[in-house]
Amino acid sequence: MELNGEQLISAPIPEVWKGLNDIDVLAKSIPGCEEISRISPEEIHAKVMFKIGPVRARFAGKLFLSDIVPDQSCSMAFEGSGGAAGFAKGKSRVELKQAEGGTLVSYTTEASIGGKLGQIGGRLISASAKKIADDFFQKFAKELGGETEALESDAGSK
């Protein structure tokens, strides 16, 4: 599955970057987040409750940051397990650019899923992933005291 998109957040780049690296802001922004902790500057662990189609599960996951360029971009590798519900793993790239009205956040994500989740149709998974991403950015922008506007996003199954 691939998920790509752009969001305009009405806050300056340094504020957006700081928010994306703030565990408290992330905890309030990630849909279904129950617990999040920073293990090191490059590693974050989280427990999140997701409902994707008929499958509802608590996922324990790890996020590893790399290629970090402060106030500009970073890459992430992630893996999560939801027990019998399945697993997800993949990679993502986030870039921040100055834009009229705030910060343009561009992201690309490639993920693979298995278990019960892997049995759900690709279209339903893609739609659920897009909704989770949109919900994250709405909550994130609100935490920063601004708004967000989805400029474009594309969720595809691969």
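Residues numbered from 1 in each chain as written. Predicted model: local features only at pLDDT ≥ 70, side-chain atom pairs only at ≥ 80, totals over all residues. Heavy atoms only, no water.

## Some details on the pattern of salt bridges
Oppositely charged side chains are able to pair whenever their charged atoms sit close together. Following the criterion strictly, the structure yields five salt bridges and no others. In this structure, Lys-97 and Glu-95 form a salt bridge, with 4.0 Å as the shortest nitrogen-oxygen distance. When its relative accessible area of 44% is taken as the criterion, Lys-97 is described as partly exposed. (Salt bridge = Lys/Arg side-chain N within 4 Å of Asp/Glu carboxyl O. Buried < 20%, exposed > 50% of the residue type's maximum accessible area, 1.4 Å probe, protein only.)

## Concerning the nonpolar core
By size, the foremost hydrophobic cluster in this structure holds 38 residues, and its most contacted members are Ile-9, Val-16, Ile-36, Leu-96, Val-105 and Phe-140. Looking at this core element by element, the count peaks at seven residues for helix 4 (residues 122–143). Not counting the four nearest positions on each side in its chain, Ile-36 is found in contact with Ile-23, Leu-26, Ala-27, Ile-30, Ile-44, His-45 and Ala-46. (Core = buried A, V, L, I, M, F, W, Y, C linked by side-chain atoms within 4.5 Å. Helix = DSSP H or I, 4+ residues; strand = E, 2+ residues; numbered from the N terminus. Contact = heavy atoms within 4.5 Å.)

## Notes on the pairing of strand 5 (residues 73–81)
Summarising the sheet, strand 4 (residues 55–69) and strand 5 pair through eight bridges and their orientation is antiparallel. Each bridged residue has a counterpart across the sheet, and for Val-69 the counterpart in strand 5 is Ser-73. Where strand 4 folds back onto strand 5 in an antiparallel hairpin, the turn is made up of three residues, including Asp-71, whose phi is positive at roughly 65 degrees. In terms of strand pairing, strand 5 meets strand 6 (residues 87–99) through nine bridges, oriented antiparallel. Residue Glu-79 lies in a different strand from strand 6, and its bridge partner there is Lys-89. Linking strand 5 to strand 6, which pair antiparallel, is a turn of five residues; within it Gly-83 sits at a positive phi near 65 degrees. (Pairing = 2+ DSSP bridges.)

## Details of unusual backbone geometry
A positive phi is found at Asp-67, a non-glycine position, where the angle reads about 50 degrees. Counting through the fold element by element, Asp-67 comes out in strand 4. For Asp-67, a relative accessible area of 55% gives the class exposed. Non-glycine residue Asp-71 carries a positive phi angle of around 65 degrees. Note on placement: Asp-71 falls in the loop between strand 4 and strand 5.

## Remarks on the layout of surface pockets
Its boundaries defined by the atoms lining it, the largest pocket holds a volume of some 1,300 Å³. Lining the largest pocket are 45 residues, with Ile-30, Phe-50, Leu-63, Phe-78 and Ile-132 positioned closest to its centre. Of all the secondary structure elements, the ones that give two or more residues to the lining of the largest pocket are helix 1 (13–20), strand 3 (43–52), strand 4, strand 5, strand 6, strand 7 (102–114) and helix 4. Here the lining of the largest pocket is built from residues that sort into 35 nonpolar, eight polar and two charged. (1 Å grid on protein atoms, 1.4 Å probe; cavity = no way out; pocket = protein on both sides within 12 Å on 5 of 7 lines; lining within 4 Å. Points joined across faces, edges and corners; volume = space filled by probe spheres on them. Nonpolar A, V, L, I, M, F, W, Y, C, P; charged D, E, K, R; others polar.)

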